[in-house]
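Okay, here's what each chain looks like letter by letter:
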Amino acid sequence: MLSTNIPEESGKKSLHFIEQIVENDLKEGKNGGKIATRFPPEPNGYLHIGHAKAICLDFGIAKQYGGTCNLRFDDTNPVKEDVEYVDSIMEDIQWLGFQWDNLYYASDYFGKLYDFAIEMIKRGLAYVDEQSAEVIASQKGTPTSPGTNSPFRDRSIEENLDLFLRMQAGEFEEGSHVLRAKIDMAHPNMHFRDPLMYRILKLSHHRTGDTWNVYPLYDYAHGQSDYFEGITHSLCTLEFEVHRPLYDWFVDQLKTDEYRPRQIEFNRLNITYMVMSKRKMLQLVKEGKVSGWDDPRMPTLCGLRRRGYTPESIRSFVDKIGYTKFDGIIDLSLLEFTIREQLNKIAPRVAAVLDPIKLTVTNYPEGQVEWNEAINNPEDETAGSHSVPFTRNLLVEREDFMEEAPSKYFRLCPGREVRLKNAYVVTCTGCAKDADGNISDVFCEYIPETKSGQSAADRKVKGTIQYVTAEHSLPAEVRLYDRLLSVPNPSEEKDKDFMELLNPDSLKVLTNARVEPILKDAEPLDHFQFQRIGYFNLDPDSTPEKLVFNRTVSLKDTWGKIADKMTK
RNA sequence: UGUCUCAUGGUGUAAUGGUAGCACUACAGUUUUUGGUACUGUCUGUCUAGGUUCGAAUCCUGGUGAGACAACCA
């Protein structure tokens, strides 16, 4: 149970394995009873929903146990990193509802790390290798066969010291020298086969500028940074499991007291039909398959936000999936459930017609307008109501009329009655067709005493449909988003080109939609339920002249299932 | 012929030697001025073979299957 959720329930729910570890450590009095975590993104891309899982854990554990959580940018590789990403990462964390206690950069520790590297050389634990990357790689051996020692492995401490200082002084070219830890080239864990600690990069760093010519690598920097910050629980994903012994080894070289940080791994988030790899997301953006990092089909936090997902719904989702060491794949429907669950409670109900067809109330006077009350949200009594117009000339959804319909069809069909929401029961009387035989008009007659609140308002009808008036409704563009991939998991189709797996129907744009007049006052990203259709929000690209709505998620579509059954 | 890790319904996750539970999904029903919501019900599970024990999803051993590791990435 994360502290981001309702505290009353915290006693009922069982603890996941990381919470148990933390509580045990607390019970045993480790690290003086302190809890300190960190969220360590590399500023080389946008945060996505997988990061949300890590963020909720790192910040959640700290909050839950009265500890602290730092934001630390893991900026040890100036090749890939950019200031642009730093800002978006901070913004997205705060949008999700979290605030860091301290803001650090791994580059803050470059000086300390450099000094300690020198210390390790002096202790005979590190050496400078002058071989090429290819040669070093070939000497590493394979997972099933041991590696061989570098010819430079046993040079003197003085020589190593001299070379390392000259590496930093800029005397050597990139790739010509590296600093390696001297451990064991035959170790069964490949990460112990003399791992690289420093490489030469003659690049300007986004924070340290041109101060450094050598930059530390992950394995040397991460545990050390945790140690410098007093992190007690260093939470990361499962692929770092094999690194943990090395993490501990480096910390052992550094530590001078009882305190030590502890790395714990949990399972990475996978969701069906979602592209979660940074490389593939970048490819989608670069090749223009999506409109950008914040395209509503993207799993990025900014994409989900634009799509209409709320921070609460994402936190609720993360809470439901839990933390284990099992590499599974979450069904997309669980994510969709959490946003439906929340939007059902908060989204005002409005009428919208995506594919309009004229419905004329033939016995209603031309030119007459009445304004009826429409409840904003039946789930929330405090949400109030607004007025909707009713006239002779209405627009309804094209699929809400069938000239010949099966018995289970509860909408407009000649001879049948339906209720027009908030107004009257009408009897459908027929339709008109154009020269090509397409239905152009639908006709009905209203029954005056069936108006909401009147004597016959309780008249039993099986269907209720929504409508807008031809005179008052506003034109709008509606974007329907679907799953981006056509298969649940692209890794199951490894032999296929990733781009071939994209769902061609992932975006449909409807340009003839009509919406209630009240929507002209909406703010960007405001949530609505278009009744009987789905949840939508107003896109930030909207203008007063052109309203643009994004569909967050569709309603549960029982009618679609009935229709499927009838056609079989 | 390596090291590390994992295996509970369709999916995810509980049960820490004592009634295999929860959520999503699917299906059925009740309510409903949204074919939405809410409520009720149904289906479906401990990878396998041994062992320890009064009792095993849980502990032990062997098998099987899956994932991570051979970047001067993190």
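Coordinates for the structure precede this section.
Residues numbered from 1 in each chain as written. Chains lettered and ligands numbered in written order. Predicted model: local features only at pLDDT ≥ 70, side-chain atom pairs only at ≥ 80, totals over all residues. Heavy atoms only, no water.

Student: Which residues make up the sheet that holds strand E6 (residues 196-200), and what are the values?
Tutor: Each strand in a sheet pairs with another by means of backbone hydrogen bonds, the pair being arranged parallel or else antiparallel. On the basis of which strands lie adjacent, the open sheet formed by four strands has the order E4-E5-E6-E7 and antiparallel pairing. Looking at the sheet topology across the chains shown, the edges are occupied by strand E4 (126-129) and strand E7 (214-216). Neighbour-to-neighbour, the strand axes of this sheet turn through a mean angle of 25°, independent of strand direction. Pairing of E4 with strand E5 (residues 178-181), which is carried by four bridges, proceeds in the antiparallel orientation. Note that in E5 the partner of Asp 129 across the bridge is Val 178. (Pairing = 2+ DSSP bridges. Helix = DSSP H or I, 4+ residues; strand = E, 2+ residues; numbered from the N terminus. Axes fitted to C-alpha atoms, helices over the stretch in contact; angles between N-to-C directions.)

Student: Break down the environment of Asp 101 for me, citing the residues and quoting the values.
Tutor: Relative to the assigned elements, Asp 101 resides in the loop between helix H3 (83-96) and strand E3 (102-105). A relative accessible area of 45% means that Asp 101 is categorised as partly exposed. In the structure, Asp 101 is positioned 33 residues away from Thr 68 in sequence and 6.0 Å away in space, judged by C-alpha atoms. With residues up to four places along the chain from it excluded, the contact list for Asp 101 reads Gly 67, Thr 68, Cys 69 and Asn 70. Within the structure, Asp 101 has its side chain in polar contact with the backbone nitrogen of Cys 69 (distance 2.7 Å). (Buried < 20%, exposed > 50% of the residue type's maximum accessible area, 1.4 Å probe, protein only. Contact = heavy atoms within 4.5 Å. Polar contact = N/O pair within 3.5 Å; in protein donor to acceptor, adjacent residues only side chain to side chain.)

Student: Can you break down the sheet that holds strand E15 (residues 393-397) residue by residue, with the values?
Tutor: In spatial order, the strands read E19-E16-E17-E18-E12-E15-E20; together these seven strands make up an open sheet with mixed pairing. The open sheet has two free edges, formed respectively by strand E19 (464-465) and strand E20 (468-469), since each of these has just one partner strand. Direction of pairing for strand E17 (residues 425-433) relative to strand E18 (residues 439-447): antiparallel, over a ladder of eight bridges. Bridging from a neighbouring strand, Gly 430 pairs with Phe 443 of E18.

Student: Can you explain the pairing of strand E2 (residues 68-73)? Please cite residues and give values.
Tutor: Of all six residues in E2, five are buried, a share of seventy percent or more. Relative to E2, strand E1 (residues 36-39) runs parallel, the two sharing four bridges. What sits directly across from Ala 36, in E2, is Thr 68. Crossover connection from E1 via helix H2 (residues 49-64) to parallel E2: handedness right-handed. Relative to E3, E2 is paired through four bridges, and the arrangement is parallel. (Right-handed = clockwise from strand over helix to strand, strands pointing away.)

Student: Tell me about the protein's contact with RNA strand B, and please be specific about residues and values.
Tutor: What surrounds RNA strand B is a group of 71 residues, the closest being Gln 20, Arg 349, Ser 452, Gln 529 and Arg 532. What you see for RNA strand B is that sugar and phosphate hold 65% of its atoms within 4 Å of the protein. Within the side chain of Thr 76, one N or O atom sits 2.6 Å away from a phosphate oxygen of RNA strand B. Measuring from a sugar or linking oxygen of RNA strand B, one finds a side-chain N or O atom of Asp 327 at 3.3 Å. Every element with two or more residues in the surface near RNA strand B is listed here: helix H5 (133-139), E6, helix H11 (311-321), helix H12 (332-346) and helix H13 (558-567). (Near = heavy atom within 4 Å.)

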